[in-house]
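Coordinate analysis (summary)
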Amino acid sequence: DWRLVTQGLGRDASTFGAELGMANVLSSCYNAETGKKAAIVKFAVGGTSLLNSLSGENSGLGNWVSPGYEAALGSAVSDPERTGNLYDSLIAEVQTRISELEAMGYTVNIRALYWMQGEADIAKPSEYARAFGYLAEDLRSDLSQELDLYVGEISKTFGGSETSANTAFIAEQGKIVAQTQNCYLIESGDFEIGPEYGSPDTAHWSGEAHYAIGK
């Protein structure tokens, strides 16, 4: 029985070892006699939007607009060809990994999704809350009705300094979690971003902060 976690962070080879390590740690929570193990499927593209937006360096790959939100947008959808591509790709990736695990003889039980995204949508917190409601509903429809959602706060110093826009967005994230069933907040907003905090730039946490947030 594999307990599958999907994670909304950037996907690259440099972090594969950390994901494997986390899966092993989660697996150790089960008694050896149970035969249960944990797996993590990691998929996302940095600098992308949950909203009806196609801007930024990775805009060619689309956005995270989920089917329910796209239907609600109707004729306002910015680009029918790219809107929702990342959401569709996430679902396809998870289904592919499930098929691989099932072919290995495992029964897959999807348990949770960790969502770390929002910096691209800071300017529209209210619309973000609306979009997230559709996202939660669609993820549970496409993956599991028992799916728990874990939402990571953006950093209050995203962009290099603490701003009212950052703190307002973090406050909105708290409201989103409070009004979404089986949704939990990862209080990562106080972990500061910037070269003076050991970050490689003004958009990513340092390695030390990542470890702390993980714990």
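Look up: the structure comes first, before these words.
How each quantity is defined
Residues numbered from 1 in each chain as written. Predicted model: local features only at pLDDT ≥ 70, side-chain atom pairs only at ≥ 80, totals over all residues. Heavy atoms only, no water. Helix = DSSP H or I, 4+ residues; strand = E, 2+ residues; numbered from the N terminus. Rg over C-alpha atoms; globule rule 2.2 N^0.38 Å. Expected span 1.5 Å × (residues − 1). Buried < 20%, exposed > 50% of the residue type's maximum accessible area, 1.4 Å probe, protein only. Contact = heavy atoms within 4.5 Å. Salt bridge = Lys/Arg side-chain N within 4 Å of Asp/Glu carboxyl O. Core = buried A, V, L, I, M, F, W, Y, C linked by side-chain atoms within 4.5 Å. Pairing = 2+ DSSP bridges. Right-handed = clockwise from strand over helix to strand, strands pointing away. Phe/Tyr/Trp six-rings, centres within 6.5 Å; stacked < 30°, edge-to-face > 60°.

1. Observations concerning the overall build of the protein chain
- Summing up its helical and strand segments, the protein chain has six helices and five strands in all.
- Its helices and strands taken in sequence order, the protein chain reads β-α-β-α-α-β-α-β-α-β-α from the N to the C terminus.
- Taking 2.2 N^0.38 as the reference for a compact globule, 215 residues should give roughly 17 Å; the C-alpha atoms of the protein chain span a radius of gyration of 17 Å, in line with that estimate.
- Principal-axis analysis of the C-alpha atoms gives the protein chain an extent of 50 × 45 × 30 Å.

2. As for helix α4 (residues 125-142)
- A rise of 1.5 Å per residue sets the reference length of α4, with its 18 residues, at 26 Å; its end C-alpha atoms lie 25 Å apart and thus fit the reference within 8%.
- For α4, the full list of buried residues reads Pro125, Tyr128, Ala129, Ala131, Phe132, Leu135, Ala136, Asp138, Leu139 and Arg140.
- Packed against the buried residues of α4 are α2 (67-73), α3 (85-103), β3 (108-115), β4 (148-152), α5 (164-179) and β5 (183-186).

3. Description of the environment of Asn85
- One can find Asn85 in helix α3.
- Counting along the chain gives 21 residues from Asn85 to Trp64, while the straight-line C-alpha distance between them is 6.8 Å.
- Setting aside anything within four residues of it in sequence, one finds Asn85 in contact with Leu61, Gly62 and Asn63.

4. Brief notes about the pattern of salt bridges
- Applying the stated criterion across every chain yields a total of five salt bridges.
- One salt bridge connects Arg82 with Asp79, and the closest N-O pair in it is separated by 2.9 Å.
- For Arg82, a relative accessible area of 25% translates into the label partly exposed.
- Measuring nitrogen to oxygen at the nearest pair gives 3.7 Å for the salt bridge that ties Lys156 to Asp190. Taken as a pair, Lys156 in the loop between β4 and α5 and Asp190 in the loop between β5 and α6 (207-214) lie far apart in primary sequence, 34 residues in all.
- Via salt bridges that share partners, Glu93, Arg97 and Glu100 belong to a single interconnected network.

5. As for α3
- Given a rise of 1.5 Å per residue, 19 residues ought to cover 27 Å, and the 27 Å separating the end C-alpha atoms of α3 matches this to within 8%.
- Positioned one or two residues after α3, Gly105 has a phi angle of 100°, which is positive.

6. A closer look at unusual backbone geometry
- Unlike most non-glycine residues, Asn182 shows phi in positive territory, near 50°.
- For Asn182, the position within the fold is in the loop between α5 and β5.
- We classify Asn182 as partly exposed; its relative accessible area is 34%.

7. Considering the nonpolar core
- By size, the foremost hydrophobic cluster in this structure holds 47 residues, and its most contacted members are Leu50, Trp64, Trp115, Phe132, Leu139 and Leu149.
- Counting only elements with at least two residues in this core, the list comes to β2 (37-42), α2, α3, β3, α4, β4, α5 and α6.
- For Trp115, the residues in contact, after removing those within four places along its chain, are Leu50, Trp64, Tyr128, Phe132, Leu135, Tyr150, Val151 and Gly152.

8. Some words on the pairing of β4
- In terms of burial, β4 is largely enclosed, as four of its five residues are buried.
- In this structure, β3 lies alongside β4, joined through four bridges in parallel fashion. Counted as the bridge partner of Ala112 is Asp148 from β4.
- Taken together, β3, α4 and β4 constitute a β-α-β crossover, and its handedness is right-handed.
- With four bridges connecting them, β4 and β5 associate as parallel partners. In the sheet register, Val151 faces β5, and the bridge partner there is Leu185.
- Handedness of the crossover joining β4 and β5 through α5: right-handed.

9. Side note on the packing of aromatic side chains
- Counted under the stated rule, the structure contains five aromatic pairs.
- Geometrically, the ring pair formed by Trp64 and Trp115 is edge-to-face, given 5.2 Å between the ring centres and 85° between the ring planes. With Trp64 in the loop between β2 and α2 and Trp115 in strand β3, this pair connects stretches of sequence that are 51 residues apart. As far as the burial class goes, Trp64 and Trp115 line up, both buried.
- Taken together, a centroid distance of 4.9 Å and an interplanar angle of 65° make the contact between Tyr128 and Phe169 edge-to-face. With Tyr128 in helix α4 and Phe169 in helix α5, this pair connects stretches of sequence that are 41 residues apart. Across this residue pair, the class does not change: Tyr128 and Phe169 are buried.

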